[in-house]
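# Residue-level structural notes
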Amino acid sequence: MFDPDKLPVEIVRILDENGNGDEEKLAAFSDEWLLRAYREMRRARVIDERLLRMQRQGRIGTYAPFSGQEAAQIGSALALRKDDWIFPSYREVAVCLMHGMPLEQFFHYVQGRLSGKRMPEGLNIFPTQIIIAAQTLHAVGCAWASKLKGESQVSVAYFGDGATSEGDFHEAMNFAAVYNVPVIFFCQNNQYAISVPYRKQTASRTIAQKALAYGMKGVLVDGNDVLAVYETMKQAVEAARRGEGPMLIEALTYRLGPHTTADDPTKYRRPEEVEAWRTKDPLYRLRVLLKRRGLWTEAQEEALVAQVNDEVTAAYEAAIASKSGSIVDVFDYVYSEAPTLLAEQKEEVMRRKQRSGVR
Amino acid sequence: MAELTMIEAINEAMRQEMERDSRIIVLGEDVGENGGVFRATDGLLEQFGEGRVFDTPLAESGIIGTSIGLAINGMRPIAEIQFLGFVYQAMDQLAAQAARIRFRSAGRFSCPIVVRSPYGGGVRTPELHSDALEALFAHSPGLKVVMPSNPYDAKGLLISAIRDEDPVLFLEPMKLYRAFRMEVPEEPYTIPLGQARVVKEGEDVTILTWGPTVPLVAKLADEMRTKGIDAEVIDLRCLQPLDIDAILASVEKTGRVMIVHEAVKTGGFGAEVAALISERALFALSAPIVRIAGYDTPYPVPSVEDDWLPNAERIVEGIETLLRY
Ligand SMILES: Cc1ncc(C[n+]2csc(CCOP(=O)(O)OP(=O)(O)O)c2C)c(N)n1
C-alpha cells in the first residue's frame with residue numbers, strides 16, 4: 001500500500017530566519033553574489049511598495065503585489081540563462097524584471113495600455129497570464145519545441161498553490177513527464193489563493209509530492225531563503241539542460257499583502273498570522289548575513305532605496321509621456337490580415353475619431 | 001420595502017432560498033469566508049455553515065462538474081464562476097455535460113443547477129474579466145441564459161432560476177452591481193424566465209437590449225424624447241427562453257429595430273434576434289435592422305474600452321440611421 005502520510009517531507013534550506021546557516025554551504029556563495037541577490041530583492045520590494053501606493057492614488061490599475069515572495073522570485077530567476085523561457089502569472093513581476101523586462105514596459109501594462117501587452121523583441125517572457133494554470137501547458141509546449149529543435153533553453157512555468165487544482169496543471173505535468181521535456185514547474189506556495197487557504201485547496205501535505213504521481217522529481221524549498229531557492233533552481237535547470245526532464249519545485253513562502261489591490265485580506269486572515277510571517281522576511285535574513293560579514297551598511301541601504309525610487313519615478317514618467325494608443329489600434333491585433341467585416345469596423349471607428357477630432 | 005443594490009438583491013435571493021430549501025448549497029472560489037470577490041455570498045457561510053457553503057479548490061471544471069453530480073443526486077447547487085471569462089475552463093462541463101443531461105438520459109435525469117457569474121465591461125478589469133459570452137451558451141441547447149439589469153429583476157429572476165429544473169446560467173453585469181439602488185420587496189418573489197420587460201413604451205423605434213447596456217439605453221431613450229423621437233426600449237432579461245412575442249409585438253408597432261449588446265458583434269445574440277425578426281416580421285420593417293455591439297476583437301485594454309463598448313454616441317447614431325429610412 002502507498003500511504004501519503006508516510007512520505008518523508010524534507011525542506012531545502014541554507015539560510016535560516018536569523019541569517020545563520022551551515023558555514024560550508026554558505027561558503028559556496030561569493031560576496032558579490034550575495035550582494036547582488038540582496039540588491040535585486042530590495043529593488044523588487046521598493047518597486048512593489050511603490051506600485052501599491054500608486055494604485056491607491058489611482059495612477060495605475062489593478063495590481064497584484066508580491067512582497068514576501070522576493071526570494072522565491074529573484075532566487076529562481078537568478079538561476080536562469082538570459083535565453084531561457086519564462087511563463088509568468090500576474091504575480092511574477094520581480095521574475096520578469098530580473099529576466100530583463102524594462103520597468104517602463106510594466107507601467108504601460110498596469111496603466112491599461114495596448115503597448116503594455118507587447119514584450120520587447122528578444123525577451124523570452126510570455127505575456128502575463130490571467131487564466132490560472134493555463135501557462136503551465138504553454139511552458140511544456142515551449143520546452144518540447146526546444147527539445148525537438150535540439151536547443152538548450154529551459155522553460156519555466158510560474159504559478160501559485162491554487163493553480164495546482166486546475167486541470168491544466170495536471171495535464172501539463174503529465175505531458176512534461178511523458179515527453180521528458182526541459183521544463184520547470186515553479187510553484188510559489190504563498191498559502192492562499194485569494195482567500196482560500198492551502199488546506200482547503202489540496203489535501204496533499206506538500207505540492208512537491210504531487211510530482212511523484214507523474215513520474216518526475218519534486219523538491220520542497222524554503223521560499224524565503226534566496227540561497228536555497230537559487231541552489232534548487234540551478235540544479236533543476238542543469239538537469240533539464242542535460243536532458244533529464246522536468247522538475248516540480250515548491251517554494252514555501254507567504255504573500256504579505258493583499259491578493260490584489262481589489263482584495264481585503266482582513267476578511268480571511270488574522271493579523272497574528274501575517275505578523276508571524278513577517279519575522280521570516282526574506283530580505284531580513286540576507287541583510288543580517290551581509291551585515292555580519294561587513295558587506296552592507298544602513299547608508300548603503302538608504303542609497304539603494306533612494307536610487308530605486310528615482311528609477312521608478314523615471315520609468316513611470318516615461319510611460320505616461322509616451323503615446324497611449326487608441327481604439328483604432330485594437331483592430332490590427334486580431335488577425336494577420338483583417339477580415340472584411342473587421343476592416344469595416346475599423347473604418348467606422350476611424351471615421352468617428354476623425355469627426356470628433358479626438359486622438 | 002428596502003432600497004437595495006443589485007449585489008444586495010442577489011445576496012438576499014440566495015439567503016432566502018437557502019432558508020426555504022435545505023437542499024440548496026453554494027459553491028465556488030472565495031465564496032465562503034471572503035463572501036465572494038464582489039460580496040454576493042456575504043454572510044451565507046456564517047448563517048448556513050460549512051455544510052452548505054463551500055470554498056472550492058481553484059478549478060472551474062471541477063466546480064461545475066461536481067455541481068452536476070450534486071444536482072443529479074438531489075441537491076440544488078448554486079455555483080459561482082468568479083468572472084465569466086474563466087468559464088472557458090469549464091466549457092465542457094457546462095455546454096456538453098450540464099446542458100445535455102436531460103436529453104442524454106431521455107428525461108431520466110435533470111440538472112437543476114444555477115451558475116452565477118459576473119461579466120461585462122466598463123469597470124477597468126484585467127484581461128478576461130469583462131467578456132460578455134452569452135452567445136456561447138444561448139447556442140448550447142439545454143441551458144437557460146438569464147441576464148438581469150436591475151436589483152428588482154435580479155432578485156426575482158434568481159429565485160426563479162434556483163427553483164428551475166434546468167441548468168441556468170445567471171449572468172450579472174458587474175458594472176451594475178452597485179450602480180444604483182431600487183426598491184426590492186423583502187419577501188421572496190419570482191419573475192418568470194423568458195419574459196421580457198418593456199422599459200419604456202414608444203412608437204418610433206424599438207431598441208432591444210439586455211444586461212449592462214439597459215440603463216444607458218433607457219437614459220438615451222428618455223433624452224431622445226426631447227428631440228421628438230419616441231423609442232420603445234425592451235430589456236430581454238432572458239436569452240433562453242426568449243420572449244419572441246414581446247419582440248414581435250414591438251416590431252409590428254414601430255417598424256424599426258435596433259439591437260444593442262456588449263458582446264462581440266459577429267455571431268452575437270443580436271444576430272439571432274435579427275434573423276428571427278426577418279423570419280417572422282420582415283414586412284413590418286421599414287428599415288434594415290441596426291446592431292450596435294462590441295467590435296470583433298478580444299475585449300480590449302482599459303485605456304480604450306470606453307471607445308470599444310456600445311456608448312451613447314454609437315447608440316444615438318444608430319437611431320438616427322434607422323430614422324433616415
Ligand atoms: C481560471 C481562473 N479562475 C479564477 C481566476 C480568479 N483568480 C485570480 S487569482 C486567483 C487565486 C490564485 O491563487 P494561486 O494560484 O495560489 O496564486 P497566487 O495569486 O496566490 O499567486 C483566482 C481564483 C482566474 N484568474 N482564472
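Residues numbered from 1 in each chain as written. Chains lettered and ligands numbered in written order. Predicted model: local features only at pLDDT ≥ 70, side-chain atom pairs only at ≥ 80, totals over all residues. Heavy atoms only, no water.

The test is simple: UniProt positions are given in the numbering used here, feature names are shortened, and annotations may be inferred rather than shown by experiment.
In the nomenclature of an unreviewed UniProt entry, chain A corresponds to Pyruvate dehydrogenase E1 component subunit alpha from the organism Geobacillus kaustophilus. A UniProt comment under Function (unreviewed entry) is attached to chain A, and it reads "The pyruvate dehydrogenase complex catalyzes the overall conversion of pyruvate to acetyl-CoA and CO(2). It contains multiple copies of three enzymatic components: pyruvate dehydrogenase (E1), dihydrolipoamide acetyltransferase (E2) and lipoamide dehydrogenase (E3)." The heading Cofactor (unreviewed entry) in the UniProt record of chain A holds the text "thiamine diphosphate".

## Re the packing of helix 9 (residues 244-254) of chain B against helix 10 (residues 269-281) of chain B
Residues and elements named next belong to chain B. Short version of the rule: Only C-alpha atoms enter the line fits that serve as axes; for helices the fit covers just the stretch in contact. Angles between N-to-C directions range over 0 to 180 degrees. Helix and strand assignments come from DSSP, with helices taken as H or I runs of at least 4 residues and strands as E runs of at least 2, each series counted from the N terminus. By the definition used in this description, the sense in which the near helix is turned from the far one sets the handedness, with an anticlockwise turn below a right angle giving left-handed and a clockwise turn giving right-handed. We call two residues contacting when some pair of their heavy atoms lies within 4.5 Å. When residues are grouped by polarity, Ala, Val, Leu, Ile, Met, Phe, Trp, Tyr, Cys and Pro land in nonpolar, Asp, Glu, Lys and Arg in charged, and all others, Gly among them, in polar.
Between helix 9 and helix 10, the least distance of the axes is 11 Å, while the angle of their chain directions is 65°. Crossing of helix 9 against helix 10: the hand is right-handed. Only Val273, Leu276, Ile277, Arg280 and Ala281 of helix 10 make contact with helix 9, whose side of the interface consists of Ile244, Ile247, Leu248, Val251 and Glu252. The residue makeup of the contact of helix 9 with helix 10, split by class, is eight nonpolar, no polar and two charged.

## Side note on the site of the ligand
Filter applied, for reference: Working definition: residue near molecule or strand if any one of its non-hydrogen atoms lies within 4 Å of it. Within 3.5 Å is the distance limit for a polar contact, defined as a pair of N or O atoms, with the added protein rule that one can donate a hydrogen and the other accept it, and that residues adjacent in sequence qualify only through two side-chain atoms.
Tyr90(A), Arg91(A), Ile130(A), Gly162(A) and Glu60(B) are the nearest of the 21 residues found near the ligand. Proximal residues around the ligand fall on chains A and B, making this an inter-chain site. Contacts to the ligand include His259(A), whose side-chain N or O atom sits 3.4 Å from an oxygen atom. In terms of residue class, the shell around the ligand is made up of ten nonpolar, six polar and five charged.

## Concerning the interface of chain A and chain B
We apply this condition: Accessible area, probed at 1.4 Å, shrinks when two parts are joined; the buried area is that loss added up over both. Salt bridges are defined by distance alone: a side-chain nitrogen of Lys or Arg within 4 Å of a carboxyl oxygen of Asp or Glu.
Between chain A and chain B, the contact holds 40 residues from the first and 38 residues from the second. Counting the surface lost from both chain A and chain B, the interface buries some 3200 Å², and carbon and sulfur atoms represent 53% of this. At the junction of chain A and chain B, the tally comes to eight salt bridges. When the shortest N-O distance is used, the salt bridge between Glu313(B) and Arg352(A) registers 3.3 Å. Among the elements of the structure, helix 8 (198-201), helix 14 (327-330) and helix 15 (340-356) of chain A are those that each provide at least two residues to the side of chain A that touches chain B. Among the elements that take part in the side of chain A that touches chain B, helix 15 of chain A stands out by supplying eight residues, more than any other. Its residues assigned to classes, the side of chain A that touches chain B shows 16 nonpolar, eleven polar and 13 charged.

## A closer look at the environment of Leu216(B)
Residues and elements named next belong to chain B. This is how the line gets drawn: The classification of residues rests on relative accessible area computed with a 1.4 Å probe and restricted to protein chains. Under 20% of the type maximum is buried, over 50% is exposed, and intermediate values are partly exposed.
With respect to the element layout, Leu216 can be found in helix 8 (residues 214-225). For Leu216, a relative accessible area of 26% translates into the label partly exposed. Not counting residues within four places of it along the chain, the set of residues in contact with Leu216 comprises Pro310, Asn311, Ala312 and Ile315.

## Some remarks on the pairing of strand 7 (residues 168-173) of chain B
All names here are of chain B. Keep this limit in mind: Here, a strand pair is defined by DSSP locating no fewer than two bridges between the strands.
The buried count for strand 7 comes to six of six residues, which makes it a mostly enclosed element. Neither face of strand 7 is open: one carries Val168, Phe170 and Glu172, the other Leu169, Leu171 and Pro173, and all of them are buried. Relative to strand 7, strand 5 (residues 114-119) runs parallel, the two sharing six bridges. Note on strand 7: the bridge partner recorded for Pro118 is Glu172. Relative to strand 7, strand 6 (residues 144-146) is paired through three bridges, and the arrangement is parallel. By the bridge assignment, Val146 is partnered in strand 7 with Phe170.

## Details of the side chain of Ser326(A)
All names here are of chain A. Tracing the backbone through its elements, the reader meets Ser326 in the loop between helix 13 (298-321) and helix 14. Residue classification places Ser326 among the buried positions, given a relative accessible area of 11%. Of note is the side chain of Ser326, whose polar atom sits 3.0 Å from the backbone nitrogen of Val328.

## What about the pattern of salt bridges?
Per the stated rule, a full pass over the model turns up 51 salt bridges over all chains. Residues Asp83(A) and Arg81(A) are paired through a salt bridge, measuring 2.9 Å at the closest nitrogen-oxygen approach. Between Lys353(A) and Asp307(B) there is a salt bridge, with its nearest N and O atoms 2.9 Å apart. With one member in each of two chains, Lys353(A) in helix 15 and Asp307(B) in helix 11 (residues 305-308) form a pair that bridges those chains. Looking at Lys353(A), the relative accessible area reads 10%, which means it is buried. Through salt bridges with shared partners, a single ionic network connects Glu348(A), Arg352(A), Arg355(A), Glu313(B) and Glu317(B).

## A short note on the side chain of Asp48(A)
Residues and elements named next belong to chain A. Under the convention used in this document: Charge assignment: positive for Lys and Arg, negative for Asp and Glu; neither His nor the chain ends contribute.
As for its placement among the helices and strands, Asp48 is situated in helix 2 (residues 31-56). For the buried residue Asp48, which engages in no salt bridge, the nearest side chain bearing the opposite charge is Arg45, 6.0 Å off. Engagement of the side chain of Asp48 in a polar contact is seen with the side chain of Tyr63, the distance being 2.5 Å. Side chain to side chain, Asp48 and Ser67 meet in a polar contact 2.7 Å long. Beyond its immediate stretch of four places on either side in the chain, Asp48 contacts Tyr63, Pro65, Phe66 and Ser67.

## As for the sheet that holds strand 9 (residues 197-200) of chain B
Residues and elements named next belong to chain B. In space, the five strands of this open sheet follow the order 9-11-10-13-14, with mixed pairing throughout. Edge positions in the sheet fall to strand 9 and strand 14 (290-294), since each has one partner strand and no second. Taken over all neighbouring pairs, the strand axes of this sheet differ in orientation by 25° on average, direction set aside. For strand 9 and strand 11 (residues 231-235), the ladder comprises three bridges, and the chain directions are antiparallel. Note on strand 11: the bridge partner recorded for Lys200 is Val233. Taken strand by strand, helix 8 contacts strand 9, strand 10 (205-209), strand 11 and strand 13 (257-264), and its axis lies near 45° from that of strand 9. Each of strand 10, strand 11 and strand 13 touches helix 9; the most contacted strand, strand 10, lies at about 155° to it.

## Some details on the nonpolar core
What counts is decided by this rule: By nonpolar core is meant a set of buried Ala, Val, Leu, Ile, Met, Phe, Trp, Tyr and Cys residues that side-chain atoms within 4.5 Å join together.
Core analysis: the largest hydrophobic core is formed by 88 residues, its most contacted members being Leu94(B), Leu208(B), Leu236(B) and Ile277(B). In terms of residue count, the dominant contributor to this core is helix 1 (residues 6-20) of chain B (seven residues). Apart from residues no more than four positions distant in its own chain, Leu236(B) is found in contact with Gln195(B), Ala196(B), Leu208(B), Thr209(B), Trp210(B), Leu242(B), Ile247(B) and Val273(B). With 70 residues, the next largest nonpolar core counts Phe66(A), Met98(A), Val219(A) and Leu289(A) among its residues.

## Concerning the confidence of the model for chain B
Put simply, the test is: pLDDT expresses, on a scale from 0 to 100, how confident the predictor is about each individual residue.
With 100% of its residues at a pLDDT of 70 or more, chain B has an overall mean of 97. Across the interfaces of the predicted complex, the ipTM metric reaches 0.88, alongside a pTM of 0.93.

## A word on the domain arrangement of chain A
Inclusion rule: Either an automatic procedure or a domain database provided the assignment from which the domain bounds are taken.
For chain A, the domain assignment lists domain 1 (6-323) and domain 2 (325-358). Put simply, the middle of domain 1 of chain A and the middle of domain 2 of chain A, counted by C-alpha atoms, are 38 Å apart.

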